[in-house]
Structure formats: C-alpha cells, structure tokens
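# Structural overview
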Amino acid sequence: MIERHLRESAEAWFPETPSLAPAVVGRLPALPDPPARRLPKRALVVAFAALALAGTAVAASVLDLVPGVRIQRVDELPELGYVVPPFGRETTAEDARSGLPFELVLPEALGDPDRVLVDRGLDGEPVVTAVYGGGVSPQLILTQWPADRVLFDKLLRPDTRTEYVDVDGAEGIWIEGGDHAVFYLGRSGRERRVGGYVTGNVLVWHRGFVSYRLEIGASRERALELAGSLRPAR
Amino acid sequence: MSEPALRGLPVPPPEEAELVERARRGDHEAYAALVREHEQAAFRVVYVIVRSAADAEDVAQEAFVKAYRALGRFRAGSPFRPWLLRIVGNEARNHRRAAGRRDFHQRRAAVLEPVSPARAADVELLERESRRRVLAALAQLPEREREAVAARYVAGLTDAETAAALGVPRATVKMRAWRGLNRLRRELGEELR
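Because the structure is predicted, anything quoted here is derived from the model rather than measured. (Residues numbered from 1 in each chain as written. Chains lettered and ligands numbered in written order. Predicted model: local features only at pLDDT ≥ 70, side-chain atom pairs only at ≥ 80, totals over all residues. Heavy atoms only, no water.)

Attention shifts here to the packing of aromatic side chains. Residues and elements named next belong to chain B. Overall, the coordinates contain seven aromatic pairs over all chains when judged by the stated rule. Ring geometry for Y31 and Y68: centres 5.1 Å apart, planes at 65°, overall edge-to-face. With Y31 in helix 3 (residues 28-50) and Y68 in helix 4 (residues 53-69), this pair connects stretches of sequence that are 37 residues apart. Residue Y31 shares its accessibility class with Y68, and that shared class is buried. Pairing F80 with W83 gives two aromatic rings, centres 5.7 Å apart and planes at 40°, and the pair type is tilted. With F80 and W83 both in helix 5 (residues 80-99) and three residues apart, this pair spans about one turn of that helix. An aromatic cluster of at least three residues, connected via ring pairs, comprises F74, F80 and W83. (Phe/Tyr/Trp six-rings, centres within 6.5 Å; stacked < 30°, edge-to-face > 60°. Helix = DSSP H or I, 4+ residues; strand = E, 2+ residues; numbered from the N terminus. Buried < 20%, exposed > 50% of the residue type's maximum accessible area, 1.4 Å probe, protein only.)

Right, dumping it as structure tokens:
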C-alpha cells in the first residue's frame, strides 16, 4: 500500500525534470579524456590482501556471491591457532531478538541453542550468533547479520572444496574439507583481525538484506536441511 | 526518410551501446541522446540527495559533463545507467558536502506544506491526501532511509541502480529501504499500510 503511494507520488515529490541535453552538450570538450593506465581493481584487492596477511600467497580467486562474506583462495594459510571467534556478549534468544532490524531465525529441529551471543559490526549493526553443543567443539554455529559490510574474511587452501548451492531459494556457497581460516571482523576488526582455523564445514548464504553463516561438523545435505528449517525465534 | 518511417513504424533509437561508442569517439549528438534517455533518472537521483531543484539541475549537468569526460573508462558492453548514476550520485554527494545543510529546514518546510484549497477540491481528494501524508512522513525519515526509499520506490530505480547512485552496497539499500518503509508504516497508521 505504502509502496503504491510512493510510486504514484513521483510527480509530487520530484520537480519537473529540466531538459539538460542542450546545456550539457554546450559544455562538452571535443573528446572524452584518454583512459588512464590503471591496475585492475581485483589485482589491487589481492595485492592489499597479500600485504595484510604477511607472507600468505593469495591466488587470483575471490568469491563475492554472499554479501558480508569475502572468500579468497590461498596457497598457504597464515600461522594461526584454533580460536573460536569472539562473537560478543552472551544473552538469551529473547533478548537478542528485541531491537533487531531483522527477524532472528533458528533451526527448528534443534530446539533452543546452548548459547546466544550478540556483537556489533564496525558500523554498529547487530551480529547474532547461536551456538549448539557446548565445550570447545560446538556442533553448530549459526551467525546472522545485516550484510552491510564484510564480517567474515575466509581463506581457503586449494584442497578445500567450494560449491554454489540453493539454500531454500537463496544463493549460497558450501565450503567443505581441509582447514580454512576465518577472520571475524566484528567490533574489534578495526584494530586487528581476529581469526582462527575452522575445522567444520561452512554454509554461507544471503536472504533479503541479511547474511547467514552456518558452521557444522556434518554433511552438505544436513547443513542444507537445517538451513531450510530456520524459523523465527520464539 | 528511412524505410521504417515510410511504413509508418517508429524509428527505433540506436542501441545504447552504439550511442556510447559514438560518444566515445566525440559524437556530441550521440551523447545528447544518452543524456535525454537518462536525464530524468539522473535529475531525480541528484534531487534525492541535494533536495533543491535549482541545485539539482546544475549538479546533474555537471555530472553529465564529467561522465562524458570519463567515457574512456566505461567498460564496453556493460549497462550504461548504473555507471552513469554512480557518477551522478558522487557529484551530488560532493555538492551536498560543500553546500552543507544551511537551507535544509527551509526545503523540508516546503515539502510539508498542506495541499492548496484548489487542489483539495479535486475529485481525487482522498488519494491526494493519502499521498500528501506519505510524502510528509517520507520527508521526515532519517536522511539515509529517506534517500533509499525515495530513490528505490518514488524514483523507481532498481536496487542495483540505487546502490550505484548512493554509493553503498545493495544490501545496504535493501536494509535502509526496509527500515524506512517500516518507519513509514508505523508513522502513518493502519489505514495506509
């Protein structure tokens, strides 16, 4: 309804468009500027990444399908310990849900998560992580956030497989096998990347303006099944 | 006269890619055709950002001149409009930064003026009143949400075009527009939802 009123209000909202062509043409130089010699943008991105990661050889492959997640192929992973990323302060699903700019969803089949954590991205947007299974080796970690900026920077070795998948109608990437490094760029990302190795498989996808990352020590089919069963948290 | 016109058929405009290619070689008439094709979208994008019709005309003109100069960097075969709107949006934001917000309140007050008695007598009074309320509420949205909603829904740009014009990722456009619409729904109450 509001969308219709907005669409039909263009003539009232905007002044009449003036005819710009005559004035523009009168100001044009004879020819456009000659193109400057520039390095391809991707080459610059890869070069900066290589510098930032101190000695890590970055291959020319960057997957940008899922907003908020940057995936790069590397020949060797940087030296890092196995660290669970600091996903923020612990809270309850009910508290986390209030005030979110998106609907918090959880896998219906798994019941309540063992832990719910809330963090803020660099731009202050909330990042919610639900952890299933306790201890140092959780069975499933689901993170969801408005994908305004890159939150996860992932580095994959050549032996890690990636596959484009359909996640209940949304485009996603399944990452399986081998160690891959993850850099979590949460609130502390401005100062220093915090990262670790991820030993589970990972599914990332995007729906609406929210991106999702599901880390799980199980098969692709199980991950897709759980991703397809996400329902609003109660 | 060309053969299609003789048959009474409209002469199709030259393909955009061809116009761009000709403009790159210095054909001003080809570039004028591109300006005419996209001037409404460009003008509206500038207006969304600078909120002044007089300024919007100057800024849109300047953006078209800059886009012409930059044609050497345009990647052949890619769509022209998002590329153009990125330049237009940058120019508008630069202008806004330079101009500051000195007359923002004056412009907003103009938007909030009630409909005139003559217009209120129109048979479409209720529709007009609804739109007036929607636009008044739109004018009061936080700037980023207002820009996203106005560009996306009022100007009718796509998510990708809005993202190019506002210089933000598509996901950001979606989020700001979603928030803006929700705020409008809360503001306007049940009957306009």
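Glancing now at the nonpolar core. Counting residues in each nonpolar core, the largest one holds 66 residues, and the members touching the most others are A:L6, A:W13, B:Y31, B:F80, B:W83 and B:L184. Element by element, the count of residues in this core is highest for helix 3 of chain B, at 14 residues. (Core = buried A, V, L, I, M, F, W, Y, C linked by side-chain atoms within 4.5 Å.)

Residues and elements named next belong to chain B. Put simply, chain B has an average pLDDT of 79, and 76% of its residues get 70 or more. Helix 1 (residues 3-6) is the least confidently modelled element of chain B, averaging 35 in pLDDT, while helix 3 averages 94, the highest of any element. Here residues 1-12 is a poorly scored stretch, pLDDT under 50, and it has four contacts once near neighbours within four places are set aside; other chains count. Segment residues 101-123: pLDDT under 50, and 24 contacts once partners within four positions in sequence are set aside and those in other chains are kept. (pLDDT = per-residue confidence, 0-100. Contact = heavy atoms within 4.5 Å.)

In this section: the pairing of strand 2 (residues 69-74) of chain A. Residue and element names in this part refer to chain A. Counting buried positions over the six residues of strand 2 gives five, a clear majority of the element. Where strand 2 lies against strand 8 (residues 152-156), five bridges are found, and the strand directions are parallel. Bridge assignment links I71 to a residue of strand 8, and that residue is K154. (Pairing = 2+ DSSP bridges.)

Enumeration over the complete set of coordinates arrives at 21 salt bridges over all chains. Across the pair A:E8 and A:R4 runs a salt bridge, and its minimum N-O distance is 3.1 Å. Taking the shortest distance from any N to any O, the salt bridge between B:R96 and B:E147 comes out at 2.4 Å. Highlighted residues: B:R96 in helix 5 and B:E147 in helix 9 (residues 143-154), separated in sequence by 51 residues. The partly exposed category is assigned to B:R96, whose relative accessible area is 22%. (Salt bridge = Lys/Arg side-chain N within 4 Å of Asp/Glu carboxyl O.)

We now examine the interface of chain B and chain A. With 56 residues of chain B at the interface, the matching set in chain A holds 43 residues. Of the roughly 4500 Å² buried where chain B meets chain A, counting both sides, 68% is carbon and sulfur surface. Connecting chain B to chain A are four salt bridges. The closest approach of N and O atoms between A:R27 and B:E62, which form a salt bridge, is 2.3 Å. Breaking the side of chain B that touches chain A down by element, the ones donating at least two residues are helix 2 (16-24), helix 3, helix 4, helix 8 (125-139), helix 9 and helix 11 (170-188) of chain B. Here the side of chain B that touches chain A takes 11 residues from helix 3 of chain B, the largest share from any one element. When grouped by side-chain class, the residues that make up the side of chain B that touches chain A number 31 nonpolar, seven polar and 18 charged. (Buried area = accessible area lost by both parts, 1.4 Å probe. Nonpolar A, V, L, I, M, F, W, Y, C, P; charged D, E, K, R; others polar.)

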